[in-house]
Amino acid sequence: MPDPGPFLVSPEDLRRHGYRAIDWVADYLTNLEIYPVAARTAPGEVAAMLPSSAPEQPEDFEAVVADLDRIVLPGTMHWQAPGFFGFFPANASPPAILGELVAAGLGVNGMLWATSPACTEIETVMLDWLVELLDLPDRFCSSGPGGGVIQDSASSATLCALLSARERAVKTGVPLSGLCVYASAEAHSSVSKGARVAGFDPGHIRPIAVDDDFRMDVGALGAAMGDDRAAGLVPCCVVATAGTTSSLAFDPIPAIGELCRAEGTWLHVDAAMAGSAAICPELRAQHEGLDLADSYAFNPHKWLLTNFDCDCFYVANRASLTGALSITPEYLRNGASESGFVIDYRDWQVPLGRRFRALKLWFVLRSYGAEGLRRHVREHVRLAQRFAGLVAADERFELCSPPTLNLTCFRHVGGDEVSERLLGALNATGKVFLSHTRLQDRYTIRCCVGGTWTEERHVEMLWQLIDELAPASANRPATPNRPATGNRPAIRSGRQRRLGAAAFLHNGRLVPGDVAVADGEVVAVGLPPGRRGIAVPGLVDLQVNGYAGVDVLAAPVEGLAGLGRALARDGVLSFQPTLISSEPGATRRAAGRIGEPASRHPDGARLLGIHLEGPFISPSRAGAHPLERLVAPDLELLGYLLDAGPVTMVTIAPELAGAGELIAECRRRGVVVSLGHSDADAQQAARGFDEGARAVTHVFNAMAPLTARAPGLAGAALADSRVTVQVVADGVHLADDTLQLVVSAARGRWSIVSDATAASGQGDGEVVLGEVPVVAAGGAVRRTDGTIAGSAAKLVDGVRHLAGLGVPVGEILTAATARPAALVGREEIGRIRLGDPAYLVLLTDELEVDTVIVEGRPI
Ligand code: PLP
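Anyway, here's the lowdown on the structure attached to this text. (Residues numbered from 1 in each chain as written. Predicted model: local features only at pLDDT ≥ 70, side-chain atom pairs only at ≥ 80, totals over all residues. Heavy atoms only, no water.)

### Overview of the overall build of the protein
Each helix and strand counted, the protein has 25 helices and 35 strands in total. Counting the 859 residues in the protein, one finds 56% classified as buried. In the protein, once contacts between residues fewer than 6 apart in sequence are set aside, the share between residues at least 24 apart is 72%. When the accessible surface of the protein is summed, it comes to about 33900 Å², and 54% of that surface belongs to carbon and sulfur atoms. (Helix = DSSP H or I, 4+ residues; strand = E, 2+ residues; numbered from the N terminus. Buried < 20%, exposed > 50% of the residue type's maximum accessible area, 1.4 Å probe, protein only. Contact = heavy atoms within 4.5 Å. Areas by Shrake-Rupley, 256 points an atom, 1.4 Å probe, with all protein chains shown as cover.)

### Some words on the site of the ligand
Within the structure, the ligand sits among 14 residues, and Phe88, Ala154, Ser155, Thr245 and Asp270 are positioned closest to it. Interatomic distance of 2.8 Å between a backbone N/O atom of Ala154 and an oxygen atom of the ligand. One of the side-chain nitrogen or oxygen atoms of Lys302 is found 3.0 Å away from an oxygen atom of the ligand. When isolated, the ligand has an accessible area of 400 Å², and the protein chains bury 90% of it. Counting only elements with at least two residues in the shell around the ligand, the list comes to helix 6 (154–171) and helix 10 (300–303). (Near = heavy atom within 4 Å. Polar contact = N/O pair within 3.5 Å; in protein donor to acceptor, adjacent residues only side chain to side chain.)

### Things to note about unusual backbone geometry
In the segment running from Phe308 into Asp309, the intervening peptide bond is cis, with an omega of 10 degrees. Even without being glycine, Phe87 reaches a positive phi, approximately 30 degrees. Locating Phe87 in the fold gives a position in the loop between helix 3 (61–72) and helix 4 (94–106).

### What about the packing of helix 6 against helix 11 (residues 318–325)?
Viewed as axis vectors pointing N to C, helix 6 and helix 11 meet at an angle of 95 degrees, and their least axial separation amounts to 8 Å. Put simply, helix 6 runs roughly perpendicular to helix 11. Across from Cys160, Leu163, Ser164, Glu167 and Arg168 in helix 6, the residues of helix 11 making contact are Ser320, Leu321, Gly323, Ala324 and Leu325. Classifying every residue of the contact of helix 6 with helix 11 by side-chain character gives 5 nonpolar, 3 polar and 2 charged. (Axes fitted to C-alpha atoms, helices over the stretch in contact; angles between N-to-C directions. Parallel < 35°, antiparallel > 145°, perpendicular 65-115°, else oblique. Nonpolar A, V, L, I, M, F, W, Y, C, P; charged D, E, K, R; others polar.)

### Things to note about the environment of Pro403
When you line up the elements, Pro403 lands in the loop between strand 8 (397–399) and strand 9 (407–412). Residue Pro403 is classed as partly exposed on the basis of its relative accessible area of 41%. Residues Pro403 and Leu662, spaced 259 residues apart in sequence, show a C-alpha to C-alpha distance of 56 Å.

### Describing helix 23 (residues 795–804)
Listed in full, the buried residues belonging to helix 23 are Leu795, Val796, Gly798, Val799 and Leu802. All buried residues of helix 23 lie within an arc of 155 degrees about the axis, which places them on one face of the element. Just past helix 23, the residue Gly806 takes up positive phi, approximately 90 degrees. (Arc of directions from axis to C-beta.)

### Considerations on the nonpolar core
Soluble globular proteins tend to pack their nonpolar side chains together in the buried interior. Leu579, Phe689, Val699, Val725, Trp750, Ile752 and Leu802 are the most contacted members of the largest nonpolar core, which has 82 residues in total. For Val699, the contacting residues outside a window of four places in its chain are Ala714, Val725, Gln726, Val727, Leu734 and Val742. Judged by nonpolar contacts, the second largest core, of 68 residues, contains Ile122, Cys180, Ala278 and Val377. (Core = buried A, V, L, I, M, F, W, Y, C linked by side-chain atoms within 4.5 Å.)

### A closer look at the state of the cysteines
The final tally for this structure, using the stated rule, is 0 disulfides. The closest cysteine sulfur to the non-disulfide-bonded Cys119 is located on Cys310, 12 Å from its own sulfur. Free of any disulfide, Cys447 has its nearest cysteine sulfur in Cys448, 7.4 Å distant. Taking the relative accessible area as the measure of exposure, Cys447 reaches 0% and is therefore buried. (Disulfide = S-S within 2.5 Å.)

Geometry only, nothing functional implied.
See below:
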């Protein structure tokens, strides 16, 4: 066998697979809501899915991508999910992703100006831009002795600040062992870590007490510094926090700054997350006193739409920083560095090598503009404040600290255990993720709003979950006066049922992963894949004239219930009973029966509404409709029929005089118009679409043929991107080549209907279709004159037939679920989404119906 050779080695390979990789990432970001936010992976589970050794031979890129779905997604905490409210945001964004990609493509190491002038100078300019945008003190600008640099993290920035402070102090002759570092008891752990790494005596790292709002107590700081001086020690560095990790408390920088100035102590301000808020002028109060700081850092990788890693670190005077970190071996010497006119950022950080991180910041600033970034930050703050208001107004909770910017800290009044259980239950839903801390030594739930994709509805969902899951407070038996939470069932800890699917349908694709249901709802999507089969939403059939021996027009109420039950067993969980042209009184009576609740079986397909296939159709394209029942457009009659029951769709021939008024009236009443049983030419069809018709009924059947110069209704529908083209894919109505033509001409907007008759799901024989006797034989249903009069197949037979023609399965299943659902304005029944009522079907790999779930129960 010839050696396949390694893949991804040439730029052309990159181009080809790169599109695939970008598609994968874009799909991931589109699908964020379907995954449980926190991974449900046991330790070692991911490692166990990897081979124990690296591959000896090159693998195919598709295999790598498949493993992203199979291994990575289920084992990932989805930080980008809109329901992520934990820790602090790590908001990625499309421009930053592309910036990363380009930086990787350039692959430069910007250790010296000379090793990539663009890497250095764009970084310098970006950091200067941010000084202006955030209204930081001018002394942080590169035009003076100060300037900014991108570090990987706030922790590294703090370390560099500590190293600079140490450098400045030891230069005055004080030994390292005599230097002290101060930070509040609420400061981030990276301060202690940095001080340790920088060689400060661990016994000289002073945690300073905080006030009731968790801000550094300046009196205590002054006292600690005084005590140290008295003991012969030197206060070297204070790290003040502008937005603490636990509660977003702001240390009083002006007072701390004055103290530091008086003591000659370095002041570093750590604004890791909150610093980004300063892009909004009204959220800049934290900057007061910042001109007293020697260094400052904030993380665009937390809350400024820039992918991790990107921390902006500023110094007022770079001399101490470079003094601490610059060592120049011969091999790094170059003329530019020695000229003194350039910045070598290797001297501003611990490592030598550095990535071109400024590119993503540049992409972000240019793509969103300052105004776009402000809009994001403001919206998060608004949502967080709304959330804090809901918490504060509910007697079950208390706020643990003043809600600040995008963070709310709260606890259940029932105590630590209740709060901890609530957090566990919230995170177990998979819809949200929050984290906790301890404030005043009490268990505290943190809700931090800041995701790129988080919208108001996600915060509402969070509150709804909290409302449902939190027990009543001891001093209040019920929860009166609280906003209603809708009529969704509460999420209980009922047993989950996994479908065991190897893949599920999502956004037109088969995504590896399983689905679980409990208490009637979809409670998990994207679980580790099961062994086989595909989980899909219940199939949607917009044209069912009869089924399993029952004709819709003639059936009594209990017959209709049986029909719905039979459809459900065959995987159709939503349908439009379809009435062919009949005497208006009979149509009205049938519609009335369909509208009766008793016509719905509890385990049956859901009624979407009635499809009236006629009577305003062309006598020359009547098909199985009795000619004597066809009528000219008549608004009054239309009103009479629409009033008869829950009509959702009407098939009309657009060329009939007065059809336009019918279409307009249907639109006015929210009824979808599908054109069909029509002799229309393409212009008449286009006029119908302009008037508001949005679909075509069983394309090519019962309409003028498409020919070279006369495209007719079929051609017009295939050419018009507004139109959903409905096909009967039973292998009888359309020749396979014609079916293929529809699939490619109407890409992304064709859908499957069964056009089922009472003969569907039955053997061959005679049945009635409305008022007409028809004969089912060999899968076809025909009138005695041979005219095709509907189908004997099931919808899922059409699905299989199309798969046999090589149409991608994800595309076919979408045409049998999401697309017909969207056509009748019921998107929610055509998707699998967390929290939606569980109406699902597990198909075998051969596309046979395996299991049908109705309201969470197998039937
Ligand atoms: N400082 C503060 C105030 C923080 O909240 C955090 C993040 O948790 C950090 C520092 C550490 O950030 P990084 O992960 O960038 O080191």
